[in-house]
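One-letter residues, chain by chain:
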Amino acid sequence: MKTYPDGSLASGSLYEVWPEARFVKMAAACLRHADLLEYLRALAARFPDSIELEVVGHSFLGRAIQMLTLGSGPNKVLLWSQMHGDEPSATPALLDIASYLLQYADQPEARAVLQNFTLLMIPMLNPDGAEVYQRRNAQGIDINRDALQLATPEGRLLKRIRDEHQPMLAFTLHDQDRRKVVGKTGQVANIALLSVAGDEWQTLTLGRLRTGRACAAIVQALTPFIAGGISRYDEEWSPRCFGDNITAWGTPVILIESGGRPRGREVTELTRLNFVAILAVLQGLARDDLAGYDPGVYDALPLNREESWSDVVIRGSHVLLPGSSRAFRADLAFDVLQNDRQVAGCSDDPVVPSQIILVGDAFTHGAGTSIEAFGKVLLTPFKVAVRGWPQRHWLTQANLARLARLGVGTVCWEVSASNRGEALAHAAQSGGRGMPRIEVHADPGNLPAAVLSGPPTPAEEPGNLAGILQALGVEDAEDVTALAKLWVPAAADKPETPPLIKDRPASFLMVSAGADGQVDLAASRLVAVWLDGQQVTAQADPQ
Ligand SMILES: [Zn+2]
């Protein structure tokens, strides 16, 4: 373990020590207000002589908002998290920091923090928003735009605590869009920092010099773990925001925005980065008022940018639209819109929509996953028709999975009015992520031309397109235009809107083709299938 000459832990070791030292063992997004109260009680019980726990106010719906106080120093530091209910990453970090400092109180650096400072922590300032995982409070007001009007009980509480204690420094702890990037690097921003200005002209005060040095300390502490993943937040003066006004009222504020999760790391990593960042600042302040840190390091950070990064980008591909015989060159970028609770596995909502962000040139677009697709063509998933209620016997999960592997994205099921309710119930229970959707139709005239009267044979795996057309009941297919029978409803006069466009779900097929993107029924093979952002893998049939 790395230490300073006096024996205390360096920031690298803060990172290493967190998995064991963390007090909250739950992913931030899963932590509800009741869980937080439980953890706060347990923390106060563990360090009864060192922690003061006080209900400092109530949310609009009456939930208790607690402040945790530790340390005995003359200088006060205020830290609050989750004033936006769906921005939770720092909430567990505050408890982890309190627990760590008290557990290691005999170590020089931790002791210096506790002797020099009194830490005032308000984890989860917006418990009503956190409960339903929304940004705003229960009045529908963004608490962070309420610093002047003070219409929210949570905002009034924050101002009262600030005015009462006159802290020398404050941290406002947030999460930002997980897909913002660092300048023009194409790299996702894991952390964005702001030395908050106290006026429109961004006057450099002594307080702001200190928050600039603090941001430099955070950059130094985090760079070993997220090199190039730190950006500078938009510095424009926001007259209604708390950070800006608290700075103006005399307490300089550091904003930490947790962003995208570092690639390949666990969902709790952002909490860990907050733990390291905040402790690095507190220890540096206690050591020598952050004397060794150059605010220029913060000034040189690239700015936070948006709209140039997606979860998945397919590069080098062509796209063939329904009804067309020639593919054109286009990349495809899409996002899988899981919320953090779904990522962390504590959401009841199984629906994860996806969204196409870009069709065209993705040269300047960063990606979580980049897929090279030269010599590949992207197509709209196929539609097939099934006629009659008796067909339900073979519309099983296993057979739907087989259809998915043949590129079928939608099964249009025509049933009479008397069976409609049962068919809808059957459809609702079938499918799921990476499976075809069953659409129940009443009108026999508006079905796709390919009609199935039984499951595709189990041996049928993605082969050439001619074989797939045959398996899906399209006879006499001579050239690529025959694929249109698997796309366009038979009775429609004009082809439907091509689904491979911006804002639609990311459902598409990838087939092999010539270098110029030409598709040939005999030579082209189905390489991969995505249904609503989920890749269909060639796994064993689910039973
Ligand atoms: Zn926020």
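Counting from 1, residues in each chain are numbered in the order their sequence is written. Where local features are concerned, this predicted model is filtered to residues with pLDDT of at least 70; where side-chain atom pairs are given and counted, the filter is 80 or more; whole-chain, interface and lining totals use all residues. The side-chain figures draw on all heavy atoms in the structure; neither hydrogens nor water molecules are used.

**Some details on the overall build of the protein**
- Here a strand is any run of E in DSSP of at least two residues, a helix any run of H or I of at least four, and the numbering for each starts at the N terminus. Per the secondary structure count, the protein includes 14 helices and 24 strands.
- Classification of residues uses two cut-offs on accessible area relative to the type maximum, computed with a 1.4 Å probe and protein chains only: under 20% is buried, over 50% is exposed, and between them is partly exposed. Out of the 543 residues belonging to the protein, those deemed buried represent 56%.
- Pairs of residues are marked as contacts when any of their non-hydrogen atoms sit within 4.5 Å. Residue pairs at least 24 apart in sequence account for 77% of intrachain contacts in the protein once pairs closer than 6 positions are excluded.
- In this tally, Asp and Glu contribute negative charge and Lys and Arg positive charge; neither His nor the terminal groups of the chain are included. To locate a charge, take atom NZ for lysine, CZ for arginine, CG for aspartate or CD for glutamate. Counting 49 positive and 62 negative side-chain charges, the protein places the centres of these two groups 0 Å from one another.

**Description of the sheet that holds strand E9 (residues 253-258)**
- The pairing criterion for strands is at least two bridges between them, as found by DSSP. Taking strand neighbours across the sheet as the criterion, the eight strands line up as E1-E2-E4-E3-E5-E9-E7-E8 in an open arrangement whose pairing is mixed. Looking at which strands have only one partner, the edges of the open sheet turn out to be strand E1 (52-58) and strand E8 (230-232). If you compare each strand with its neighbour and ignore which way they point, the axes differ by 20 degrees on average.
- Pairing analysis gives six bridges linking strand E3 (residues 75-81) to strand E4 (residues 117-122), with the strands arranged parallel. Fitted lines through C-alpha atoms serve as axes, helices being fitted only where they are in contact, and the angles separating the N-to-C directions of these axes extend from 0 to 180 degrees.

**A short note on the state of the cysteines**
- Any pair of cysteine sulfurs within 2.5 Å is marked as a disulfide. In total, this model carries one disulfide according to the counting rule given.
- Left unpaired, Cys215 is separated from the closest cysteine sulfur, that of Cys241, by 16 Å.
- Residue classification places Cys215 among the buried positions, given a relative accessible area of 0%.

**A few points about the nonpolar core**
- To qualify as a nonpolar core, a set must consist of buried Ala, Val, Leu, Ile, Met, Phe, Trp, Tyr and Cys residues joined through side-chain atoms within 4.5 Å. Within the largest apolar cluster, 92 residues are counted, with the highest numbers of intra-cluster contacts made by Trp80, Leu101, Leu119, Phe171, Leu193 and Ile256.
- Leaving out residues up to four positions away in the same chain, Leu119 has contacts with Leu68, Thr69, Leu70, Val77, Leu79, Leu101, Val113 and Leu282.
- Leu403, Val411, Leu452 and Leu526 belong to the second-largest nonpolar core, a separate cluster that totals 43 residues.

**Side note on the packing of helix H7 (residues 206-222) against helix H9 (residues 269-288)**
- One can describe the packing of H7 onto H9 by two numbers: an axis separation of 9 Å at closest approach and a directional angle of 130 degrees. Viewed along their axes, H7 and H9 adopt a mutual orientation that is oblique. Helix-helix and strand crossings are classified by hand; for H7 and H9 the assignment is right-handed. Within the contact between the two elements, H7 uses Arg210, Ala214, Ile218, Ala221 and Leu222 and H9 uses Leu273, Val276, Ala277, Ala280, Val281 and Leu285. The scheme is simple: roughly parallel for angles under 35 degrees, roughly antiparallel for over 145, roughly perpendicular for 65 to 115, oblique for anything else. In this scheme the handedness of a crossing depends on how the near helix is turned from the far one: anticlockwise by less than a right angle means left-handed, clockwise means right-handed.

**Here's the deal with a negative patch on the surface**
- Distance thresholds for patches are 9 Å for like charges and 5 Å for nonpolar side chains (Val, Leu, Ile, Met, Phe, Trp, Tyr), applied to residues having over 30% relative accessible area and no salt bridge. Residue exposure ignores everything except the shown protein chains as possible cover, and the areas themselves are Shrake-Rupley values with a 1.4 Å probe. The working definition used for a salt bridge is a side-chain nitrogen of Lys or Arg within 4 Å of a carboxyl oxygen of Asp or Glu. A surface patch of like charges, here negative, comprises Glu475, Asp476, Glu478 and Asp479.
- Tracing the sequence through the fold places Asp476 in the loop between helix H14 (465-471) and strand E22 (508-512).
- Given the relative accessible area of 73%, Asp476 is considered exposed.

**Brief notes about the pairing of strand E19 (residues 408-414)**
- Of all seven residues in E19, seven are buried; the element is thus mostly enclosed.
- In this structure, E19 lies alongside strand E20 (residues 437-441), joined through five bridges in parallel fashion. In the sheet register, Glu414 faces E20, and the bridge partner there is His441.
- Running through helix H13 (residues 420-429), the crossover from E19 to the neighbouring parallel element E20 is right-handed. With the strands pointing away from the viewer, any crossover whose connection runs clockwise from the first strand over the helix to the second is right-handed.

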